[in-house]
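A closer look at the structure
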Amino acid sequence: MLSLLVGLGIVAATSVAAEGTKQLHVAIVSRTIFYLPVWLAVEKGYFKDEGLDVRIDVFDNAEKINGALRENAVQIAVSTPESIIVDALKGGSLRMVAGNAGRLPHYVIARPEIRSIADLRGKTIGVLSNEEGTTHLVPEVTRSAGLRSSDYTVKAVGGAPTRWRLLRSGEIDAGLQPFPLSYEAEAAGFSNLGPLANFVPDWQFTSVNVDLRWAERHRAELVGALRALQRGLDAIAGDPAAAVKVAARELQTDEKLAERAIRDTAKLGILTPKMEISAAGTRRVHQALIAAGLVRDEPFGLERVSDARFLQESRR
């Protein structure tokens with residue numbers, strides 16, 4: 001773990017960055033549109049308004065993020081909730097404290113010669129990781145065409161930009177891609193087999209996650225960070241020109257595609273307006289975890305895997 005943290009250039013604790021300013025490391029999985037509130041909160045100085053000097057670390061691996069939370073190498077993660085739920089239900093200290101993407105922004109993108117879900121037979125489907133995110137949704141998609149898990153290969157390769165690179169190189173045959181990468185794929189001649197939300201309408205895709213041991217000791221920092229994130233979320237509609245510029249820069253795409261991605265994000269209701277955690281979406285994740293044998297089959301309770309106190313305090 002130490003070598004990982006050193007390699008990422010991450011310090012191992014919350015530290016004083018300047019007089020009266022606290023330094024926080026915020027982890028994200030990859031460069032995708034639902035992290036726009038984080039980038040805008042940095043760009044517009046909302047974190048600084050809360051006395052926070054925030055550094056964003058892109059991991060491209062969800063499991064490593066949770067290890068970094070436990071080690072206090074990062075203090076806040078905007079990431080997938082699956083292993084957070086597993087940890088919490090097994091008595092661990094990881095919790096969701098706010099929502100981010102409450103619906104799925106992905107399309108099923110495949111090599112040009114693949115024209116239907118049934119054509120995925122014998123193919124390799126790239127996913128984020130073995131235990132996180134869209135991994136649990138692949139069976140939902142393939143089952144619609146009568147495919148069994150033995151009919152294709154699922155390969156953990158990393159976040160959406162990595163999946164797009166591997167699709168282009170032919171190392172994977174299909175992947176679940178959010179926009180604007182899905183737009184780029186269609187323009188390049190790849191097949192769009194439909195939106196993932198058609199298969200799974202309710203799903204808490206990403207959330208704001210913490211280790212409660214850190215959160216209880218640094219309540220003011222967490223509450224301030226959540227307040228800044230809300231301002232970043234509000235700025236998408238409040239300052240659309242800035243939102244487009246920041247999105248294009250961070251997503252490494254052109255402004256026209258960034259604007260389209262922001263518009264579609266709003267139309268589909270992907271970013272929850274008050275950073276709420278979707279009870280229906282989290283329940284659906286819980287059901288998938290039960291089906292995968294990662295948690296016991298027991299009644300769902302949002303309060304067991306989340307802590308709403310910090311978000312509520314940020315609104316006062």
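Our subject is the structure that appears above.
Summarised in this report is the structure supplied together with it. (Residues numbered from 1 in each chain as written. Predicted model: local features only at pLDDT ≥ 70, side-chain atom pairs only at ≥ 80, totals over all residues. Heavy atoms only, no water.)

This paragraph deals with the sheet that holds strand S8 (residues 153–156). Strands sit in the order S8-S7-S9-S6-S10 across an open sheet of 5 strands; the sheet is mixed. If you trace the sheet from one side to the other, it starts and ends with S8 and strand S10 (191–195), each paired once. Ignoring strand direction, the axes of neighbouring strands in this sheet form an average angle of 30°. As defined by bridge partners, strand S6 (residues 106–110) adjoins S10 across 3 bridges and the pair is classed as antiparallel. Bridge pairing in S10 links Tyr107 to Pro195. Each of S6, strand S7 (124–127) and strand S9 (174–178) touches helix H7 (residues 160–169); the most contacted strand, S9, lies at about 140° to it. (Pairing = 2+ DSSP bridges. Helix = DSSP H or I, 4+ residues; strand = E, 2+ residues; numbered from the N terminus. Axes fitted to C-alpha atoms, helices over the stretch in contact; angles between N-to-C directions. Contact = heavy atoms within 4.5 Å.)

With that out of the way, let us pick up the packing of aromatic side chains. Inspection of every chain in the model, using the stated rule, returns 6 aromatic pairs. Ring geometry for Tyr35 against Trp39: centres 6.4 Å apart, planes inclined by 65°, an arrangement best described as edge-to-face. Note on accessibility: Tyr35 and Trp39 belong to one class, buried. Taken together, the ring pairs connect Phe34, Tyr35, Trp39 and Phe205 into an aromatic cluster. Its guanidinium or amino end placed over the ring of Tyr183, Arg260 lies 3.6 Å from that ring's centre, counting from NZ or CZ. (Phe/Tyr/Trp six-rings, centres within 6.5 Å; stacked < 30°, edge-to-face > 60°. Buried < 20%, exposed > 50% of the residue type's maximum accessible area, 1.4 Å probe, protein only. Lys NZ or Arg CZ within 6 Å of the ring centre and 35° of its normal.)

Another aspect to go through is helix H13 (residues 279–291). In an α-helix there are 3.6 residues to a turn, and that puts residues three or four apart on one side. Here H13 spans 18 Å end to end across 13 residues, near enough to the 18 Å set by a 1.5 Å rise per residue. When H13 is considered as a whole, its buried residues turn out to be Gly281, Thr282, Arg284, Val285, His286, Ala288 and Leu289. Buried residues belonging to H13 abut helix H5 (82–89), strand S5 (94–99), helix H6 (138–143) and helix H14 (302–305). Among the residues of H13, the N-terminal cap falls to Ser278, whose side-chain oxygen and the backbone nitrogen of Gly281 are separated by 2.8 Å. One or two residues past the end of H13 sits Gly293, with phi positive at roughly 75°. (Expected span 1.5 Å × (residues − 1). Polar contact = N/O pair within 3.5 Å; in protein donor to acceptor, adjacent residues only side chain to side chain.)

Moving on, we get to unusual backbone geometry. Following Phe179, the chain continues to Pro180 via a peptide bond in cis, the omega torsion being 10°. Along the chain, Pro180 falls in the loop between S9 and helix H8 (181–187). With phi around 60°, Met275 is a residue other than glycine that occupies positive phi space. With respect to the helices and strands, Met275 occurs in the loop between helix H12 (255–267) and H13.

What follows deals with the pattern of salt bridges. Taken as a whole, this structure holds 20 salt bridges when the rule is applied. Arg227 serves as the salt-bridge partner of Glu50, at 3.0 Å between the closest nitrogen and oxygen. With a gap of 177 residues between them, Glu50 in the loop between helix H3 (46–49) and strand S3 (52–58) and Arg227 in helix H10 (residues 219–238) connect regions that are remote in the sequence. Members of the salt-bridge network, linked through shared partners, are Glu216, Arg219, Asp307, Arg309 and Glu313. (Salt bridge = Lys/Arg side-chain N within 4 Å of Asp/Glu carboxyl O.)

Our focus in this paragraph is the packing of H5 against H13. When two helices pack together, their arrangement is given by the angle between their axes and by how far apart the axes lie. Where H5 contacts H13, the axes come no closer than 10 Å and their chain directions differ by 75°. For the element pair H5 / H13, the angle class is roughly perpendicular. In this structure, H5 contributes Glu82, Ile85, Val86 and Leu89 to the contact, and H13 contributes Thr282, Val285, His286 and Leu289. Partitioned by chemical class, the residues of the contact of H5 with H13 number 5 nonpolar, 2 polar and 1 charged. (Parallel < 35°, antiparallel > 145°, perpendicular 65-115°, else oblique. Nonpolar A, V, L, I, M, F, W, Y, C, P; charged D, E, K, R; others polar.)

These figures capture arrangement, not role.
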